[in-house]
Amino acid sequence: MKEVVKKIESPNNFVLRLFVAGASANSARAISNIKSVCELYLKDRYNLEIIDVYQQPLIAKEEQLIALPLLIKKNPLPGSRLVGDMSDLKKVLKGLGINEDI
Amino acid sequence: MDFNEKNKLNLGLLPKTPTGILGLDDITGGGLPKGRPTLICGGTGSGKTLMSLEFIVNGATKYDEPGVFMAFEEKAEELIMNVASLGFDLAALVESKKVSLDYVYIDPNAIEETGQYDLEGVFIRLGYAIDQIGAKRVVLDTVENLFSDLTNETTIRAELRRLFQWLKEKGVTAIITGEKGDKLLTRRGLEEYVSDCVIFLDHRIINKISTRLLRIVKYRGSTHGTNEYPFLIDSDGISVLPITSLNMDNVASSERISTGITGLDSMLGGQGFFRGSSILISGTAGTGKTNIAATFASSICDKGEKCIYFSFEESANQLIRNMTSIGLDLQKHIDADLLEIITSRPTMFGLEMHLVDMHKKISEIKPKAVIIDPITNLVTVGSVNDVKAMLIRLIDFLQKEQITVLFTALTINNSVTEQTYEVISSLVDAWLLVRDIEFNGERNRGVCVMKSRGMKHSNQIREFIITDDGLDLVEVYLGSDGVLTGSAREAQILKELTGDVLKGYQKTRKDREISRKKQILDATILTLKAKFESAEEELNRTYTEELLTRDIQEKNRKEITHIRGSSPKKNNEDNEPNIET
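Summary of the structure given here.

The rules behind the values
Residues numbered from 1 in each chain as written. Chains lettered and ligands numbered in written order. Predicted model: local features only at pLDDT ≥ 70, side-chain atom pairs only at ≥ 80, totals over all residues. Heavy atoms only, no water. Helix = DSSP H or I, 4+ residues; strand = E, 2+ residues; numbered from the N terminus. Contact = heavy atoms within 4.5 Å. Buried < 20%, exposed > 50% of the residue type's maximum accessible area, 1.4 Å probe, protein only. Polar contact = N/O pair within 3.5 Å; in protein donor to acceptor, adjacent residues only side chain to side chain. Pairing = 2+ DSSP bridges. Buried area = accessible area lost by both parts, 1.4 Å probe. Salt bridge = Lys/Arg side-chain N within 4 Å of Asp/Glu carboxyl O. Nonpolar A, V, L, I, M, F, W, Y, C, P; charged D, E, K, R; others polar.

Observations regarding the overall build of chain A
Along chain A, the regular secondary structure elements total 3 helices and 5 strands. Along its sequence from the N terminus, chain A presents helices and strands in the succession β-β-α-β-α-β-β-α. In chain A, the share of contacts with a sequence separation of at least 24, taken over all contacts with a separation of at least 6, comes to 68%.

Structural data, given as structure tokens:
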């Protein structure tokens, strides 16, 4: 369950990692929500990595994972962390630092 | 302990996991409920983290049960450093895969909540750590911190409930710590979810002195001690003090041990105290209580037995120096590892703490005798009743171990003391009272045995003198002026000596008189004898003369008769006197 969408690296390119816990309802919702947000607001300038923590339990400690699903924005800076199923669009956009008007 | 016996019965019902914490397993009857979560709650700095960490370390080192420590407050490196001071080498345990440390951290400022979530991350991390080292023990140190990091309380509650259930299913013995709340035991009411065993730690300040206390609020399916038990955190970790007088079946030894003072021994039936008994020496300031105590300690060490001297007044060096003035060399006993002088300020910690501390030291050193000098200083820390309660426990413990204990008690005023210390004196087996005897412009010391259970003892007040060579007791003089001590006693001795000389002189004079009288008598007897002899001689002479006279007269008469009537031829034959009988 690893899906990588590669785009050209640039300062404006969004590098996102979504950590999910297996095929739980929250995970499934989060994946579909973030994908639609990316497609809608960040078309062609994002890099989304979806990681199932069950498959890589060590990463949970490394990334200080507690609440899942968790989305980590690595780029552009400043980084940020978003938890939940990404259903609250306003908060997702705010967390990602995307201006809604764009 | 009584609990251990009960525990044997309980084992069939509820398996337990020993904590390895000194005393805690006694109170809980064997440890924490095996395979279930236990809640340890308490205020800041009450020792929650330390207690749970000791549980993990002991599991790894003593019981071969690896453990996972999940910290929500302190970083792993900080934890390792914090417990290093207690002698726990956490880093080595982590290295050898006996312990797994995981620091869980969330920065609430850098997180945005965008909908529903769960704490699956914690489950995954914990599950992974447990499986990696085969953990049997788990600690979640202040899991409540999640509440401040995440805002969705309903979710967290549901998730924690699920977490504890999951831990039970995993079969690990878990400790969850929680901060003390205002009304509830914990701030977030964690006790609702963890219902098997709840331990409450308290850190109380009474009279400006802090005491750590532990109480088992709840222990489902097991008997447990219900009291508040004091506990101590020192360089060896936590020790809980469970000693309460449960039974009174202590052994009573009839072995006697010397007090180190010959005169005092003779007051106590000639042999001194019973082994394992408790002795109180009370007296006003400067009456030599410490001297008696130190002499006793020294005599114990002379026999090659160990002794602990708890001094609450003088430092060890001070005590050693002061005792050299009475010819007591304590240093050599310390060098020989027989004597241990432990000094602490009474106000350093609470009464219970002192008790725990003493308990620990005694268990460690295993002495034959213990001296506490003076117990009255402890009253500054607690009330007389508290001190009594503490002493009951201490005496109980010491008697069980057959350790002789000697307390000294400072009394302020002779008449009041005997009242105030009734509470304490009723506990002890022997009570010596050292008192001032003021007389003749001097202050002298008198010692008497107020009580001494189970032995014939003197009812006399003896004068107690401190010399360069130690302590000694002398008979006091009871004269028409009352008890005589010090120079008055010396004067009395001199007076009596004078009397003796005079009497001796008189005696010899009388002897001479008698011998003279005898001489006179003898002389008189001689004279009388001589007189008698001369009288006898005289009488004899008269008698012979009379006899002769009569013979001659008879003869003459016969002669005349003869001449007149018979023939003259027969003259020759009859010439000789013829005495007829």
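Moving on, there is more to tell.
Points about the side chain of B:T142
Residues and elements named next belong to chain B. On the secondary structure map, T142 appears in the loop between β7 (137-141) and α7 (145-149). Accessibility expressed as a relative area gives 2% for T142, which makes it buried. Engagement of the side chain of T142 in a polar contact is seen with the side chain of D141, the distance being 3.3 Å. Setting aside anything within four residues of it in sequence, one finds T142 in contact with F72, E73 and T177.

Some points on the pairing of strand β5 (residues 99-103) of chain B
Residue and element names in this part refer to chain B. Taken across its 5 residues, β5 has 5 buried, putting it largely inside the fold. What you see with β5 is no split at all: V99, L101 and Y103 on one side and S100 and D102 on the other are buried throughout. Across 5 bridges, strand β4 (residues 67-71) lies against β5 in parallel orientation. Paired with A71 across the two strands is Y103, which belongs to β5.

So, the interface of chain B and chain A
In this complex, chain B contributes 24 residues to the contact, which on the side of chain A involves 29 residues. A per-residue breakdown of the area chain B buries against chain A is headed by B:E112, B:T114 and B:I124, which together make up 31% of the total. Residue A:K94 pairs with B:E112 through a salt bridge whose shortest N-O separation is 3.9 Å. The tally of links from chain B across to chain A stands at 18 residue pairs in polar contact (both at pLDDT 80 or more). Counting residues per element, the side of chain B that touches chain A draws most heavily on helix α6 (residues 120-133) of chain B, at 6 residues. Across the side of chain B that touches chain A, the residue classes break down as 14 nonpolar, 4 polar and 6 charged. By the bridge criterion, 3 bridges tie strand β5 (residues 80-83) of chain A to strand β6 (residues 111-113) of chain B in an arrangement that is parallel. Residue pairing for β6(B): A:V83 is matched across the bridge by B:E113.

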